[in-house]
Amino acid sequence: GAQQEAAAVDDVYRHRLALDAPLPASLVYAEPNDTFFDALQLILRHNADKLPLIDKVESNSVLYVVSCSRILAYVERGLRGAERPALFDAPLDALGIGTYRHNAVRGGVITAHAATPLALVLQLLSEHRLSAVPIVDDDDRVIDLFAQPDILLLVAQRDYRNLERSVRDVLRSVRARRRCPEVQTCQRTWSLQRVIERLIGMRVHRLVIVDHAHRVDGIVTSADLLRFFLYGGL
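This is a predicted model, so every value here is computed, not measured. Counting from 1, residues in each chain are numbered in the order their sequence is written. Residue-level local features of this predicted model are given only where pLDDT is at least 70; pairs of side-chain atoms are given and counted only at 80 or more, and the full residue set underlies all totals for whole chains, interfaces and linings. Computation of side-chain values covers all heavy atoms of the structure but excludes hydrogens and water.

Enquirer: I'd like a description of the side chain of Ser166, backed by residues and values.
Expert: Here a strand is any run of E in DSSP of at least two residues, a helix any run of H or I of at least four, and the numbering for each starts at the N terminus. The topology assignment puts Ser166 in the loop between helix 5 (148-157) and helix 6 (167-174). The classification of residues rests on relative accessible area computed with a 1.4 Å probe and restricted to protein chains. Under 20% of the type maximum is buried, over 50% is exposed, and intermediate values are partly exposed. A residue is classified by how much of its surface remains accessible, and Ser166, at 15% relative accessible area, is buried. The criterion used for residue contact is that any of the two residues' heavy atoms lie within 4.5 Å. What Ser166 contacts, discounting residues up to four positions off in sequence, is Ala114, Ala115, Thr116 and Pro117.

Structure (structure tokens):
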């Protein structure tokens, strides 16, 4: 019944939050005296997109929320006017940044058809520890992206009848009253600089990598770029 459906969605919702900040007993956060490097390491270590900055000494309150997107924008601003390394002109796939469809080492990219019931999409997110899944049409072309913000909208609206509806219909429904950005894409041949500009310019956390026919080829996130800069690129 409705109560069982509500319990199912609430369970998935709690599980999603646990995946994004995988500490069993405590909140992952930074403090005002922590360095920028410390905060970035925490975000990448715990596979989180955002990290609260908490004043535990005086106010015991959240002062700011640091996100991968904001850190990437900060890094990009710091490089303006400077001579950038040649790697900024290198194509994305040559640098090994992102997760690609047929990459067996990193598990590849999982997609969902537009007609897939929402319950199955939520199951995919949970089983594969994903924060987003591209939505494709009959020709495997990306038409949308189902991600954590959509789950938050779904839970906020408390419409648990959505579970058996197609994910495409649900996305249209939950976004009807909110202005949500369209799914943003890039290609594996794009330069690192161009990918950074697209992420920052469109204010998104991830791009779906597509081929010339707009079929899903992979996913690249701002966290992927920051991990590259921190551990392998610069």
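Enquirer: Any chance you could break down the side chain of Gln184 for me, citing the residues and the numbers?
Expert: Its place among the elements puts Gln184 in the loop between helix 6 and strand 7 (185-186). Within 3.5 Å is the distance limit for a polar contact, defined as a pair of N or O atoms, with the added protein rule that one can donate a hydrogen and the other accept it, and that residues adjacent in sequence qualify only through two side-chain atoms. A distance of 3.2 Å separates a polar side-chain atom of Gln184 from the backbone oxygen of Glu182.

Enquirer: Which residues make up the pairing of strand 8 (residues 206-210), and what values go with them?
Expert: In terms of burial, strand 8 is largely enclosed, as five of its five residues are buried. Alternating positions in strand 8 separate into two faces, Arg206, Val208 and Val210 on one and Leu207 and Ile209 on the other, with burial throughout. In the sheet, strand 7 pairs with strand 8 via two bridges, with the strands oriented parallel. What sits directly across from Thr185, in strand 8, is Val208. By convention, a crossover is right-handed whenever its connection, traced from the first strand over the helix to the second and viewed with the strands pointing away, goes clockwise. Read from strand 7 through helix 7 (residues 192-202) to strand 8, the crossover connection turns out right-handed. Between any two strands, pairing holds if DSSP finds at least two bridges. Pairing of strand 8 with strand 9 (residues 216-221), which is carried by five bridges, proceeds in the antiparallel orientation. Note that in strand 9 the partner of Val210 across the bridge is Val216. Hairpin remark: strand 8 followed by strand 9, antiparallel, with five residues in the connecting loop; positive phi at His214, about 70°.

Enquirer: Requested: an account of the packing of helix 3 (residues 68-79) against helix 7, with residues and values cited.
Expert: Helix 7 packs onto helix 3 with a crossing angle of 125° between their chain directions and a minimal axis gap of 10 Å. When the axes of helix 3 and helix 7 are compared, the pair comes out oblique. Read as a crossing pair, helix 3 and helix 7 show a hand that is left-handed. Contact with helix 3, carried on its side by Leu72, Ala73 and Glu76, involves Gln193, Ile196, Leu199 and Ile200 of helix 7 and no other residues of that element. For this scheme, ten residues count as nonpolar: Ala, Val, Leu, Ile, Met, Phe, Trp, Tyr, Cys and Pro. Four count as charged, namely Asp, Glu, Lys and Arg, and the remainder, Gly too, count as polar. Of the residues contributing to the contact of helix 3 with helix 7, the split by class is five nonpolar, one polar and one charged. The angle between two axes is taken between their N-to-C directions and runs from 0 to 180 degrees, where each axis is a line fitted to C-alpha atoms and a helix contributes only its stretch in contact. Just so you know how the angles are binned, under 35 degrees is roughly parallel, over 145 roughly antiparallel, 65 to 115 roughly perpendicular, and the rest oblique. Whether a crossing is left-handed or right-handed is set by the direction in which the near helix is turned from the far one by less than a right angle, anticlockwise for left-handed and clockwise for right-handed.

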